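In case you want the letters, here they are:
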Amino acid sequence: MRTVLDQHALNALHPFSFVADRSGSVIAVGRSLSKISPVVRSTVRFADVFLIEQPTLGITGQNPSDLLGELIVLSPRAGCGPKLRGQVALLDETEGIFLFALTPILTDASQVSAVGLEFADFPVGDPVFDFLLFIQAQRIGRTRLEVANRKLQWEHTVSKLLHDLTLRTYDVDDAEHAYAVVVSAVCEALKWNIGHVFVSSAGNQPVLRSTATWYLSDPLRYARFRELTDAIQFARGEGLPGRAWERESVVWVDDIRQDLRFPRRAGLPEGAAPIAGVAVPVIAEGELVAVLEFFTERPPHDKENLARFFDLLGLQLAGVISRQRIVKREREQLAALVSASKMAALGEIAAGVAHEINNPVSSISLTSQLMSTLAKTGALDAPAVETNTARIKACVQRITTIVSELRDFSRDSSHDPFTSVSLKKIVDETLDLCGARFGSKGVKLEVGTFPAEWQIECRPSQISQVLLNLLNNAYDAVVSRDTRWVRLEGREVADAFEIAVTDSGPGIEEDVVEKIMVPFFTTKPPGMGTGLGLSISSNIVTDHGGELHLDRNACNTRFAVVLPKSSHKHESNEAEEDRELAP
Amino acid sequence: MYGLIHQAMKDLVCTEGGEAAWQSVCAAAQVASTEFEPLEPYDDRVSYRLVAAAAEELELPVAEVLRRFGDHWITFTAEYGYGDIMKMFGHDMRSCLGNLNRMHGHMGAMMTQLKPPRFNVVENSERHITLHYFSPREGLGPMVVGLLEGLARKFGEQVTIEHLDKGVRSDHDEFEVVFL
């Protein structure tokens with residue numbers, strides 16, 4: 001049977017193929033082949049147009065009959081089209097007509113579009129498209145995976161950095177310190193060159209002014225940049241920080257030399273300046289407090305993720321500043337409460353103190369009367385003067401001591417440094433203030449032994465306030481009872497001292513126990529107590545690294561204060577001061 | 001429909017309303033995840049629920065969401081990674097439309113549960129074609145308007161498109177496309 005492959009069939013079924021005679025001369029060309037080899041046409045020898053890449057060994061010649069039954073690979077000698085692969089088939093044995101049935105070798109859709117091939121150039125249903133779709137889908141899947149992986153890695157880095165910054169700024173008391181921590185940590189983590197902070201100045205027309213907080217990966221290289229920055233202030237909307245202020249969001253500058261809105265670009269030395277930068281506003285409690293700037297010499301390639309990070313950074317820093325403000329307000333409020341409580345305690349002991357002062361005053365009065373009488377009778381000789389003036393001096397000294405202790409007690413001691421002091425001294429001074437009160441109402445005050453060598457590091461006035469509160473509470477609890485006593489005793493417990501105040505009262509009812517440390521809770525009649533004594537005492541003791549608790553195992557009412565001999569708080573304060581002093 | 005469609009819908013909603021809007025759409029559509037596997041088939045009801053929820057979230061008629069989706073699909077698939085494949089579909093809008101059925105046929109090799117539509121192009125004149133759109137799914141005609149608009153923009157061609165709803169002249173949707 002003689003078979004004929006006309007031009008239509010060649011175009012439809014084998015658009016990348018050609019037909020050649022037995023000498024290898026091309027006699028018909030498929031419609032799409034010219035896109036791969038522009039020079040192929042009738043009459044040319046196929047071997048002049050295509051290089052036979054396969055088979056290369058064991059082939060006797062380059063005539064079509066030499067290639068029958070082989071898998072052949074041809075590459076176009078001209079142009080940059082893909083290689084062709086296929087086989088040679090004998091169409092007409094009598095005439096010596098051969099079909100080079102070929103299809104392009106394609107492994108990527110981009111190869112197809114690169115040579116201008118389209119869907120219509122291929123036979124209908126050509127599986128090469130299925131293959132290309134699979135390849136592309138696989139590539140997309142791999143790319144998505146890589147993107148997801150990079151995103152995960154980035155998010156891990158960012159969350160670790162933010163977590164680290166949270167830990168490092170949590171206990172920082174001042175904003176400047178927090179800015180310094182953040183600026184250097186961010187620059188080091190992201191490998192950016194410059195970090196800097198502007199703060200908002202107060203006043204009717206606030207501006208952003210440069211601060212001394214800088215991170216410079218190379219201080220010499222960026223000295224001019226710093227100089228230019230320190231010399232400039234920005235109003236709202238001006239320059240990079242001013243725009244971040246105005247927009248209340250992160251603002252980028254992609255090329256500071258080209259950006260006309262970046263005034264510092266003038267005057268920058270060639271090659272020693274960053275390229276891109278970002279400004280991060282810090283808005284705490286609805287008010288702009290600072291703008292952080294970061295610069296890099298390498299243009300950032302992942303601005304979207306970076307922008308999200310800087311957004312979070314601004315929010316986190318705003319949280320730190322807000323927390324600092326809240327803590328400061330709480331401290332001020334606590335100080336006011338402490339003062340109020342102190343005054344209330346003073347009110348309670350006022351009568352006792354008056355009595356305590358009245359005694360030496362009476363003694364002075366009597367002594368002076370005696371001296372006057374002796375003088376009138378001529379009996380005031382030198383020894384008598386000596387004896388009586390010594391008595392008067394002692395009384396004056398006693399009054400001076402009490403007044404001094406009162407003054408010490410009543411002044412604001414919240415910022416006093418921690419000092420090492422004898423516990424006995426604190427106890428004695430406290431008893432000086434309240435002892436008379438107990439005696440006047442027949443409340444027996446039993447005081448245990450406090451050896452002079454028991455030293456604690458504390459704010460003495462605050463510890464005195466705690467003891468006075470506990471003693472006053474004990475007094476109030478028993479003053480109207482038949483059995484009236486209060487016991488103050490101390491003991492050494494490992495690295496701490498326990499000071500306990502026990503009274504003859506029946507203890508505290510179970511439903512009240514949970515509330516006794518709550519501010520303004522009191523069981524005393526109206527006008528008799530502020531309800532602040534125990535809560536403030538507890539705060540003071542906690543601030544000293546100790547603990548104030550009700551001893552629920554005791555038969556009577558017993559409050560115990562446990563104070564470390566050396567306060568941790570004190571140690572951390574000193575460390576803080578040392579760090580601030582470090583260069 | 002395949003997850004790739006839903007991912008394109010996500011991209012559209014995020015572009016128009018942000019990530020939070022997509023979260024709301026998924027919640028309203030009662031879908032378990034806000035992400036979809038591109039080459040996994042999903043129940044058509046998921047797709048319809050997403051479209052309805054997107055319309056609600058973006059405060060747009062459903063037809064307008066479908067139109068925007070069709071338009072967005074052209075850019076989405078190119079950016080997603082099928083740009084080079086799409087270049088093979090044709091060098092202009094006409095040749096591209098003529099190759100849509102073949103393209104869907106090849107997609108079926110990879111997406112074995114694909115239920116593709118069929119597009120018959122009738123050349124009325126040099127500047128006027130009628131596109132006959134057959135689909136096993138109801139109500140997606142407006143999406144084809146968006147697809148045609150997206151294709152015209154991709155090839156830099158000016159066209160007018162008129163949509164004749166299913167049942168007006170035939171049992172399928174027809175689109176009159178005039179090249180300006």
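Cut-off values and rules
- Residues numbered from 1 in each chain as written.
- Chains lettered and ligands numbered in written order.
- Predicted model: local features only at pLDDT ≥ 70, side-chain atom pairs only at ≥ 80, totals over all residues.
- Helix = DSSP H or I, 4+ residues; strand = E, 2+ residues; numbered from the N terminus.
- Buried ≥ 20, exposed ≤ 12 C-beta atoms within 10 Å, placed from the backbone.
- Contact = placed C-beta atoms within 7 Å.
- pLDDT = per-residue confidence, 0-100.
- Core = buried A, V, L, I, M, F, W, Y, C linked by C-beta atoms within 7 Å.
- Pairing = 2+ DSSP bridges.
- Axes fitted to C-alpha atoms, helices over the stretch in contact; angles between N-to-C directions.
- Nonpolar A, V, L, I, M, F, W, Y, C, P; charged D, E, K, R; others polar.
- Parallel < 35°, antiparallel > 145°, perpendicular 65-115°, else oblique.
- Left-handed = near helix turned anticlockwise from the far one by under 90°.
- Arc of directions from axis to C-beta.
- Expected span 1.5 Å × (residues − 1).

(A) Layout of the overall build of chain A. The secondary structure content of chain A amounts to 14 helices and 19 strands. With 583 residues in all, chain A has 31% of them scored as buried. In chain A, the share of contacts with a sequence separation of at least 24, taken over all contacts with a separation of at least 6, comes to 61%.

(B) Just the overall build of chain B, in detail. The secondary structure content of chain B amounts to 6 helices and 4 strands. Per-residue burial for chain B yields a buried fraction of 34% across its 180 residues. Excluding contacts between residues fewer than 6 apart, the proportion of contacts in chain B whose partners are at least 24 apart in sequence is 58%.

(C) Spatial organisation of unusual backbone geometry. Note that the residue after Gln54 of chain A, namely Pro55 of chain A, is joined by a cis bond; omega there is 0°. For Pro55 of chain A, the position within the fold is in the loop between β3 (50-54) and β4 (72-76). A positive phi angle, close to 60°, is found at Lys191 of chain A, a residue other than glycine. Residue placement: Lys191 of chain A occurs in the loop between α5 (175-190) and β7 (194-200). The exposure class of Lys191 of chain A is exposed, given the 10 C-beta atoms found within 10 Å. A positive phi angle, close to 55°, is found at Gln30 of chain B, a residue other than glycine. For Gln30 of chain B, a count of 9 C-beta atoms within 10 Å corresponds to the exposed category.

(D) Broad picture of the environment of Pro506 of chain A. Residues and elements named next belong to chain A. As for its placement among the helices and strands, Pro506 is situated in the loop between β17 (496-503) and α12 (510-513). Using a count of 12 C-beta atoms within 10 Å as the deciding quantity, one classes Pro506 as exposed. Residues Pro506 and Cys555, 49 residues apart in the sequence, show an inter-C-alpha distance of 7.5 Å.

(E) Fine view of the confidence of the model for chain B. Chain-level statistics for chain B give a pLDDT mean of 93 and a share of 100% at 70 or above. Among the prediction metrics, the complex's ipTM stands at 0.84, with pTM recorded as 0.56.

(F) Representation of the nonpolar core in the model. One finds Ala8, Met9, Val25, Ala54 and Phe69 of chain B to be the most contacted residues of the largest nonpolar core, which totals 51 residues. Here the element with the most residues in this core is helix α4 (residues 62-87) of chain B; it accounts for 7 residues. Look past the residues within four positions of Met9 of chain B in its chain and what remains in contact with it is Leu50, Ala54 and Phe69 of chain B. Counting residues in hydrophobic clusters, the runner-up holds 45 residues, among them Val182, Val199, Val282 and Leu317 of chain A.

(G) Spatial organisation of the sheet that holds strand β18 (residues 547-550) of chain A. All names here are of chain A. Spatial strand order, β14-β16-β17-β19-β18: 5 strands in an open sheet with mixed pairing. If you trace the sheet from one side to the other, it starts and ends with β14 (444-447) and β18, each paired once. If you compare each strand with its neighbour and ignore which way they point, the axes differ by 15° on average. Each of β16 (485-493), β17 and β19 (557-564) touches helix α11 (residues 460-478); the most contacted strand, β17, lies at about 20° to it. Across the sheet, helix α13 (residues 533-543) touches β18 and β19, and the angle it forms with β18 is around 140°.

(H) How the structure looks around the sheet that holds β4 of chain A. Residues and elements named next belong to chain A. Spatially, the 6 strands line up as an open sheet ordered β2-β1-β6-β5-β4-β3, and their pairing is antiparallel. Single-partner strands in this sheet number two, and they are β2 (26-29) and β3. Ignoring strand direction, the axes of neighbouring strands in this sheet form an average angle of 35°. In terms of strand pairing, strand β5 (residues 84-92) meets strand β6 (residues 97-104) through 8 bridges, oriented antiparallel. Residue pairing across strands places Gly86 opposite Leu102, the latter belonging to β6.

(I) Representation of the interface of chain A and chain B. The partner chain B presents 19 residues to the 19 residues of chain A that form the contact. Every element with two or more residues in the side of chain A that touches chain B is listed here: α3 (109-114) and α4 (127-170) of chain A. With 10 residues, α4 of chain A is the largest single contributor of residues to the side of chain A that touches chain B. When the residues that make up the side of chain A that touches chain B are grouped by side-chain class, the tally is 12 nonpolar, 4 polar and 3 charged.

(J) Region of the structure containing the packing of α4 of chain A against helix α5 (residues 93-110) of chain B. Following both chains from N to C, one finds α4 of chain A and α5 of chain B inclined at 60°, their axes separated by 9 Å at the closest point. Accordingly, the angle class assigned to the pair α4 of chain A and α5 of chain B is oblique. The chirality of how α4 of chain A crosses α5 of chain B is right-handed. Together, Phe129, Asp130, Leu133, Phe134 and Ala137 of chain A of α4 of chain A and His106, Met107, Ala109 and Met110 of chain B of α5 of chain B make up the contact between the two elements. The residue inventory of the contact of α4 of chain A with α5 of chain B, partitioned by class, reads 7 nonpolar, 1 polar and 1 charged.

(K) Fine view of helix α2 (residues 19-28) of chain B. All names here are of chain B. Within the sequence span of α2, burial applies to Trp22, Val25 and Cys26. Taken end-on, α2 shows its buried residues confined to a sector of 95°, consistent with a single buried face. Turned more than 90 degrees away from the buried face of α2 sit Ala20 and Ala27, all of them exposed. Gln30 sits one or two residues past α2 and shows a positive phi near 55°.

(L) Main features of the confidence of the model for chain A. Mean pLDDT over chain A: 85, with 93% of residues reaching 70 or higher. A low-confidence stretch, residues 569-583 of chain A stays under pLDDT 50, and its non-local contacts, those more than four residues away or across chains, total 6 contacts.

(M) Here's a closer look at the environment of Gln136 of chain A. Inspection of the secondary structure assignment puts Gln136 of chain A in helix α4. Ignoring sequence-local partners within four residues, the contact set of Gln136 of chain A consists of Ala109 of chain A together with Gly81, Tyr82 and Ile85 of chain B.

(N) Inspection of the packing of α4 of chain B against helix α6 (residues 141-154) of chain B at higher detail. All names here are of chain B. Viewed as axis vectors pointing N to C, α4 and α6 meet at an angle of 35°, and their least axial separation amounts to 6 Å. Relative to α6, α4 is oriented so that their crossing is right-handed. Where α4 abuts α6, its residues Ala63, Leu66, Arg67, Arg68, Phe69, Gly70, Asp71, Trp73, Ile74 and Thr75 lie against Pro142, Met143, Val144, Val145, Gly146, Leu147, Glu149, Gly150, Leu151 and Lys154. Tallied by class, residues from the contact of α4 with α6 come to 11 nonpolar, 4 polar and 5 charged.

(O) Quick look at helix α3 (residues 44-58) of chain B. Residues and elements named next belong to chain B. Between its first and last C-alpha, α3 extends 21 Å over 15 residues, near the 21 Å set by a 1.5 Å rise per residue. When we look at burial in α3, the residues that qualify are Ser47, Leu50, Val51, Ala53, Ala54 and Glu57. Buried residues along α3 sit in contact with α1 (3-17), α2 and α4. In the stretch just after α3, Glu59 is the one whose phi turns positive, near 55°.

(P) Looking closely at the pairing of strand β8 (residues 208-216) of chain A. Residues and elements named next belong to chain A. Sheet topology note: the β7/β8 ladder contains 6 bridges and is antiparallel. Directly across from His196, in β8, lies its bridge partner Trp214. Examined bridge by bridge, β8 and strand β9 (residues 233-234) share 2 bridges and lie antiparallel to one another. Pairing of Leu208 across the sheet is with Phe234, part of β9.

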